[in-house]
Amino acid sequence: MGYILSDEAKDLLADVKKFCDNEVREQCKEYDVSGEFPAEICKKAADMGLNALEVPEELGGLGLDHITYAALYEEMSKADAGLFTTMSAANLAMKPLLIAGTKEQQQRAADILLNGGYGAFCLTEPMAGSDASNNKTVAVKDGDEYVINGRKCFITNGPIADFYIVTAMTDKSKGVNGMSAFFVEKGTPGLSAGNEENKMGIRTSATSDVIFEDMRVPASAMIGPDGTGFKTCMKTLDITRALMGIGAVGIAQRAIDEAVAYAKTRITFGKPIGKFEAIQFMIADMDIKTETARQMAVHALTLQEKGLPYNKESAIAKCYAGDIAVEVALDAIQILGGYGYSREYPVEKLLRDAKIFQIYEGTNQIQRMVISRAVMGKF
Ligand code: COS
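I will try to describe carefully the structure that is included in this document. Being a predicted model, the structure only gives us computed values, none of them experimental.

**Details of the overall build of the protein chain**
Thought 1: From N to C terminus, the protein chain includes 13 helices and 10 strands.
Thought 2: Computed over the C-alpha atoms, the radius of gyration of the protein chain is 21 Å, within 12% of the 21 Å expected from 2.2 N^0.38 for a compact globule of 379 residues.
Thought 3: For the protein chain, the C-alpha atoms occupy an extent of roughly 80 × 50 × 40 Å along the three principal directions.
Thought 4: Across the 379 residues of the protein chain, 55% fall into the buried class.
Thought 5: Look at the contacts in the protein chain between residues 6 or more apart in sequence, and 75% of them connect residues 24 or more apart.
Thought 6: Surface exposure of the protein chain reaches about 16700 Å², of which carbon and sulfur atoms provide 54%.
Thought 7: Here the protein chain carries 41 positive and 51 negative side-chain charges, and the mean point of each set is 5 Å from the other.

So this is what it looks like as structure tokens:
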């Protein structure tokens, strides 16, 4: 059993599974081919509250525990990792506000999500991916306002977001301690989205540049004190990386499900290939990896929920799950053989979708940096 859930949570999971099975899994295939954003499917998901799973109860959210929303996210990712990406990124954008925002900012963002809107977390820039502190976007104080100029890239929900968390340098001379974060709403003059990226995988999620041209925001849009934006973003990613692990696990589980169904029906040498030990051991190894990755993510989320340190465990969860999702998707392709390599069958999409989990929300090289720093300490 992957998750230990209450009866209420099991009912919720059953509803999400029904939606994913009936209205996402097959339907998203054509959007994967076209690269078009499945607006109607995402609207239905948002109507079910899947874009606002992590909004706390005091702000009007469902107040779900971490393990429950992890189970729901896995179900989404099993059906379509692009849907998982869109929904989890909306919640990611809420996190900096929960960490350092004012009550008003938190409530505004929560209301947007609870009304079916999306958020976007705008940290990455062309010269600031892994080296996140190297932001070139600047915010210059002008009376009671900041004037922001710059360009973000690879922003999930960039073209569709209703609010944006934007990092910018308020004092370049202070390095990471000169970066601040701002809460910016859609429609702010000077804010625009670039063209959508034509991606290898998670093609049903919308990714683009986000551009700021003399964008004016009130000084009250700053999140937390001046100069704390980098640390707020690092704290945000510490939290969300465990959930990226869950997204990767969803892909791996789907790969197992597809491989098992095929292995039970594909006949070679007079019997189903699942009767051969070579296939059975592959399936067993795929499951060992997937269940281990799931339980590592559950452990990191449990630490978060209990208020215990989780930075290393979140990084392990994301790193391990991202790596094994690629391996397990590759194994599923191998089990399906020529059919696995064909776009007529679902497993090649799983490999394309899995790859991003080794890259986004911190590459797995960065995760290993975070882990080794935690293990080795300063010396
Ligand atoms: N929580 C709180 N504070 C943190 C922190 C964390 N997780 N990580 C770093 N900091 C603090 C440090 O303590 C340090 O503070 P002081 O200046 O007060 O000493 C400051 O931030 C700078 O830290 P550091 O020197 O470690 O920063 P680096 O430039 O070396 O970067 C990594 C650290 C590599 C971990 C960071 O750049 C990173 O996570 N990069 C990947 C970014 C990413 O995930 N991008 C994905 C896109 S967003 S979807």
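**As for helix H4 (residues 66–79)**
Thought 1: Taking 1.5 Å of rise per residue, the 14 residues of H4 would be expected to cover 20 Å, and the 20 Å separating its terminal C-alpha atoms lies within 8% of that figure.
Thought 2: N-capping of H4 is provided by Asp65, with a side-chain oxygen placed 3.1 Å from the backbone N of Ile67.

**Examining the side chain of Gln358**
Thought 1: Secondary-structure assignment places Gln358 in the loop between helix H12 (347–355) and helix H13 (364–376).
Thought 2: Of the residues examined, Gln358 reaches a relative accessible area of 15% and is grouped as buried.
Thought 3: Residue contacts for Gln358: discarding those within four places in its chain leaves Lys318, Gly322, Asp323, Val326, Thr363 and Asn364.

**Side note on the pairing of strand S7 (residues 207–218)**
Thought 1: The pairing of strand S3 (residues 145–156) with S7 spans nine bridges and is classified as antiparallel. The residue bridging Lys152 from the neighbouring strand is Val210, located in S7.
Thought 2: As defined by bridge partners, strand S6 (residues 191–196) adjoins S7 across four bridges and the pair is classed as antiparallel. By the bridge assignment for S7, Leu191 is matched with Phe212.

**Brief notes about the site of the ligand**
Thought 1: Around the ligand sit 22 residues, and of these Ser130, Lys231, Asp238, Arg241 and Arg373 come closest.
Thought 2: Contacts to the ligand include Asn177, whose side-chain N or O atom sits 3.4 Å from an oxygen atom.
Thought 3: Against a free-state accessible area of 1000 Å², the protein chains account for coverage of 69% of the ligand.
Thought 4: Applying the majority rule of atoms within 2 Å of the grid points places the ligand in the largest pocket.
Thought 5: Of all the elements in the fold, those that place two or more residues in the shell around the ligand are helix H8 (229–265) and H13.
Thought 6: Considering each element in turn, the shell around the ligand owes the most residues, seven residues, to H8.

**What about the side chain of Arg203?**
Thought 1: Tracing the backbone through its elements, the reader meets Arg203 in the loop between S6 and S7.
Thought 2: Despite its burial, Arg203 remains without a salt bridge, the nearest opposite charge being carried by Asp32 at 4.2 Å.
Thought 3: Polar contacts involving the side chain of Arg203 include one to the main-chain carbonyl oxygen of Asp32, which spans 2.5 Å.
Thought 4: Residue contacts for Arg203: discarding those within four places in its chain leaves Tyr31, Asp32, Val33, Ser34, Gly35, Glu36, Asn198 and Arg352.

**Quick word on the nonpolar core**
Grouped burial of nonpolar side chains is what soluble globular proteins tend to show.
Thought 1: Ranked by size, the top nonpolar core spans 97 residues in total, and within it Met76, Phe163 and Ile335 carry the most contacts.
Thought 2: At 16 residues, the largest contribution of residues to this core is made by H8.
Thought 3: What Ile335 contacts, discounting residues up to four positions off in sequence, is Ala259, Tyr262, Ala263, Ile273, Ile279, Met282, Ile283 and Met286.
Thought 4: Within the second largest apolar cluster, 19 residues are counted, among which are Tyr146, Val166, Val210 and Met215.

**A few points about the packing of aromatic side chains**
Within a pair of aromatic rings, the relevant descriptors are the distance that separates the centres and the angle that separates the planes.
Thought 1: All chains considered together, the criterion is met by nine aromatic pairs.
Thought 2: Here Tyr73 and Phe84 contribute two aromatic rings whose centre-to-centre distance is 5.5 Å and whose plane-to-plane angle is 85°, an arrangement assigned as edge-to-face. Note that Tyr73 is positioned in helix H4 and Phe84 in helix H5 (residues 81–92), a separation of 11 residues in sequence. For the pair Tyr73 and Phe84, one class covers both residues: buried.
Thought 3: An aromatic cluster is built from Tyr69, Tyr73, Phe84, Phe357 and Tyr360, whose rings are joined through pairwise contacts.
Thought 4: In this structure, Lys271 is placed above the aromatic ring of Phe276, and the distance from its NZ or CZ to the ring centre is 4.8 Å.

Calculation criteria
- Residues numbered from 1 in each chain as written.
- Predicted model: local features only at pLDDT ≥ 70, side-chain atom pairs only at ≥ 80, totals over all residues.
- Heavy atoms only, no water.
- Helix = DSSP H or I, 4+ residues; strand = E, 2+ residues; numbered from the N terminus.
- Rg over C-alpha atoms; globule rule 2.2 N^0.38 Å.
- Buried < 20%, exposed > 50% of the residue type's maximum accessible area, 1.4 Å probe, protein only.
- Contact = heavy atoms within 4.5 Å.
- Areas by Shrake-Rupley, 256 points an atom, 1.4 Å probe, with all protein chains shown as cover.
- Lys, Arg positive; Asp, Glu negative; His and termini not counted.
- Charge placed at Lys NZ, Arg CZ, Asp CG, Glu CD.
- Expected span 1.5 Å × (residues − 1).
- Polar contact = N/O pair within 3.5 Å; in protein donor to acceptor, adjacent residues only side chain to side chain.
- Pairing = 2+ DSSP bridges.
- Near = heavy atom within 4 Å.
- 1 Å grid on protein atoms, 1.4 Å probe; cavity = no way out; pocket = protein on both sides within 12 Å on 5 of 7 lines; lining within 4 Å.
- Sits in = over half its atoms within 2 Å of the grid points.
- Salt bridge = Lys/Arg side-chain N within 4 Å of Asp/Glu carboxyl O.
- Core = buried A, V, L, I, M, F, W, Y, C linked by side-chain atoms within 4.5 Å.
- Phe/Tyr/Trp six-rings, centres within 6.5 Å; stacked < 30°, edge-to-face > 60°.
- Lys NZ or Arg CZ within 6 Å of the ring centre and 35° of its normal.

All quantities given are derived from atomic positions and should not be read as evidence of function.
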